[in-house]
Structures are given as structure tokens and as C-alpha cells.
Amino acid sequence: MGESGRQGHAATAPPGRDAAERDRLAREGIALGAVVARRLARKFGGHVSVDDLRSLGNSALPEIVDTWDPSRGTFEAYASQRLTWAMRDGVRRETHGRSAAARARALLASDRVSRAYAADADEPGTTAEAHVGALDQLLRAHAGAMALAFMTADPEAEEVEDPEQRLVTLERRRVVRAAIAALGERERALIERHYFGGEQFDAIAADLGVTKSWASRLHARALAALGPALAELRDR
Amino acid sequence: MHRLLEDPWVAARIDDALAPYAGTVSDQEFEWMREQLAETLAADPAAARALRRAAPRQVDRSGEVLSEGSGDPGDQADDHDGRATG
């Protein structure tokens, strides 16, 4: 199952939604999908067309309509989030060219960092330095998430044909693996298995004996540490 | 260019976070990540809040510190793309 199918509400439709209601929600979802598609197309820098993204969103709409639970938020908020995931996941799976696929994977990784921060209790520091430190940590985590997604691109899966580009990609993977080796044991396992092994996040969390939310925190922490680890490798 | 990147203080924080990855990703990927970090600060609620807290308060010509929400980068985050960031 893709990222779009694993988040949010329960996977069963709340009882009592009739056909007319489903049609109304589907129409609303199509309009939302157009907005989300235009926004994502800009993010992908023209590598994926708005129409392709809308098509990916429309494919996910029946499930989105079925799984929306009004007691847990508005349809607009739920559908916008699910449509975003569906489009990003679709681009990643269907690989509309290396660049778009890598960007989709980078956005998904950054989304996971956002969810970790959203789930954390808000405990602001009391000094200006603490506030700046918290901001820097957050930025490093997002930067690490996106960079890791680019650097762990598999040249086979990404269909990199240019021999020179393949070598560059393989060298990136070697360097980032060396940086990951400097992380703590659980962080290292999480990053290695998810980014290099392609294992689902939930499965790794279960295997490590931690909750999904705790795994997300480990993930964010590992990513924030990745940049300094890479810098240290370079300085040696 | 993302409007948050026009603020030198914000741009410096973003550039600092990205610095270790210079040369390990392509120039296009690097520039794209820079834009995305700015967009994250604008659109992600937790990131926008962190920015509002950390950004230096602006001081007007009288030397008076302007109140929170009066022109700091977090305000730019709030109105970017017309989305509230909470």
C-alpha cells in the first residue's frame, strides 16, 4: 500500500453515507484535487504535468470519500492531505523521470519530519538562543530528509543511463552510508532499512519495538544529525 | 525565489542547514531544497511557529521593539500562498 493509504482515518466508511452524499464529496474532491495538483506541479518544477497529478488524485478519490470520518475533521482538510499524499506517492511509484521521482520521495521524507514535529509536545525554550537552536534543528531535519532521499536514489530503479551520472549516484550512496554509520544504533537501523532497504516505516518501527510516533521522532533526530555527520566526514 | 529567502536572516538559517549537502546533491536539487525549506517555514505549522519564536524582533527607528506579529518573518510565513500556518 502506498503512503496515501496508510495515514489518517480508519479504512472503513462510516455507515449511512448515501450515493448522493458520495457524489457531492467526489465533486468537491475533484475541485480540491485541481488546486493540489497545481501546487504540486509548481513544486516539481514542471517535471510532472498538472493533468497527470490530477489523474493520480482522481484515482485515489473513491477511497478518500469512503474513509472520511466527519467526526475527525473537515472533508476539505482530510481530502487535501490525502490527495497530496496520493499524488506524491503516485509520482514516486510511476517515476515520471528521475528528477520528479526523487523530488516526490524527498517531499514524502520531509512530510514525515513534519508529522514528527506536529506530534511532539510544544515545549518552547525560554531564551532567544534556545529558539534559534530549535529552528536550526528543525531545518536540519528537513534538509537531511530531502537530501537523503536524493542521495539514496537507486540508479537502477531511477533508470539513470548516463554512466557518469550513475557513478555520481553510486558515490553519493557510499558517502551517505558512511555518515549513517556514525548514527546511534536504532537511528542507523531505521534510516538504513527505510531508505536503502525500501522497507515500510511501520514495519521497521514494529521490528525495533517502538511506536510509529517514536520511530518518527528517531527519524527526525537522525536526519538532523546527518548533516553534521557528513560535514565531519568531509573535514577528515 | 521564495519570499522568505529575501530575508537575510532566514536565508542564512536555511543555508546553514543545507551547507553539509553542497556537492553531494546536484545544483538543481540543492536549489530546490532551499526553496522547499522556505516553503516549509511558510506552510508547516510547527516550522512557522519555530520561525516566529526564533526570528529577531524588528526594531523601529525610535529603538522600540515591535510586538510579535508586526512584520517579522513569521508574518510572511502566515500569508504566503494565502495559507494560515497556525
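Each residue is numbered by its place in its chain's sequence as written, counting from 1. Whichever chain is written first becomes A and whichever ligand is written first becomes 1, with later ones labelled in order. pLDDT decides what is reported in this predicted model: residues at 70 or higher carry local features, side-chain atom pairs at 80 or more are listed and counted, and totals for whole chains, interfaces and linings draw on all residues regardless. Note: side-chain values were computed over all heavy atoms of the structure, leaving out hydrogens and water.

### Section: the overall build of chain A
A helix here means a DSSP run of H or I that spans at least four residues, while a strand means a run of E at least two residues long, and both kinds are numbered starting from the N terminus. Helix and strand counts for chain A come out as 9 helices and 0 strands. Counting from the amino terminus, chain A carries its helices and strands in the arrangement α-α-α-α-α-α-α-α-α. Think of it in three bands: with a 1.4 Å probe and only protein chains considered, a residue is buried below 20% of the maximum accessible area for its type, exposed above 50%, and partly exposed in between. The proportion of buried residues among the 236 residues of chain A is 46%.

### Some words on the pattern of salt bridges
Residue and element names in this part refer to chain A. Whenever Lys or Arg places a side-chain nitrogen within 4 Å of a carboxyl oxygen from Asp or Glu, that contact is recorded as a salt bridge. Enumeration according to the criterion identifies 13 salt bridges over all chains in this entry. Put simply, arginine 82 and glutamate 63 hold a salt bridge, and the shortest N to O gap is 3.3 Å. Taken as a pair, arginine 82 in helix 3 (residues 75–94) and glutamate 63 in helix 2 (residues 50–67) lie far apart in primary sequence, 19 residues in all. Residue arginine 82 is classed as buried on the basis of its relative accessible area of 3%. Salt bridges linked by common partners bring Glu21, Arg24 and Glu28 together as one network.

### Description of helix 2 (residues 27–43) of chain B
Here the expected span of a helix is defined as 1.5 Å times the quantity of residues minus one. For helix 2 of chain B, with 17 residues, the first-to-last C-alpha span of 24 Å sits near the 24 Å given by 1.5 Å per residue. Among the 17 residues of helix 2 of chain B, 12 are classified as buried, and the element is accordingly described as predominantly covered.

### Focus: the environment of alanine 17 of chain B
Structurally, alanine 17 of chain B can be placed in helix 1 (residues 8–18). With relative accessibility at 3%, the residue alanine 17 of chain B sits in the buried group. Taking the C-alpha atoms as reference, alanine 17 of chain B lies 9.3 Å from leucine 37 of chain B; in sequence the two are 20 residues apart. Non-local contacts of alanine 17 of chain B, meaning those with residues more than four positions away in its chain, are made with Leu139, Arg140 and Ala143 of chain A together with Leu37 of chain B. Whether two residues are in contact is decided by their heavy atoms: any pair within 4.5 Å suffices.

### What about the packing of aromatic side chains?
Pairing of aromatic side chains here covers Phe, Tyr and the six-membered ring of Trp, requires ring centres within 6.5 Å, and sorts the geometry by plane angle: under 30 degrees stacked, over 60 edge-to-face, intermediate tilted. Tallied over the entire structure, the rule returns 2 aromatic pairs over all chains. Considering the side-chain rings of phenylalanine 150 of chain A and tryptophan 32 of chain B, the 5.6 Å spacing of their centres and the 80° angle between planes classify their relative orientation as edge-to-face. Of this pair, phenylalanine 150 of chain A sits in helix 5 (residues 128–151) while tryptophan 32 of chain B is found in helix 2, placing the two residues in two different chains. Assigned by exposure class, phenylalanine 150 of chain A and tryptophan 32 of chain B land together as buried. The aromatic ring of phenylalanine 201 of chain A is capped on one face by arginine 112 of chain A, whose charged end is 3.9 Å from the ring centroid. Charge-over-ring contacts are defined here by two conditions on Lys NZ or Arg CZ: a distance within 6 Å of the ring centre and an angle within 35 degrees of the ring normal.

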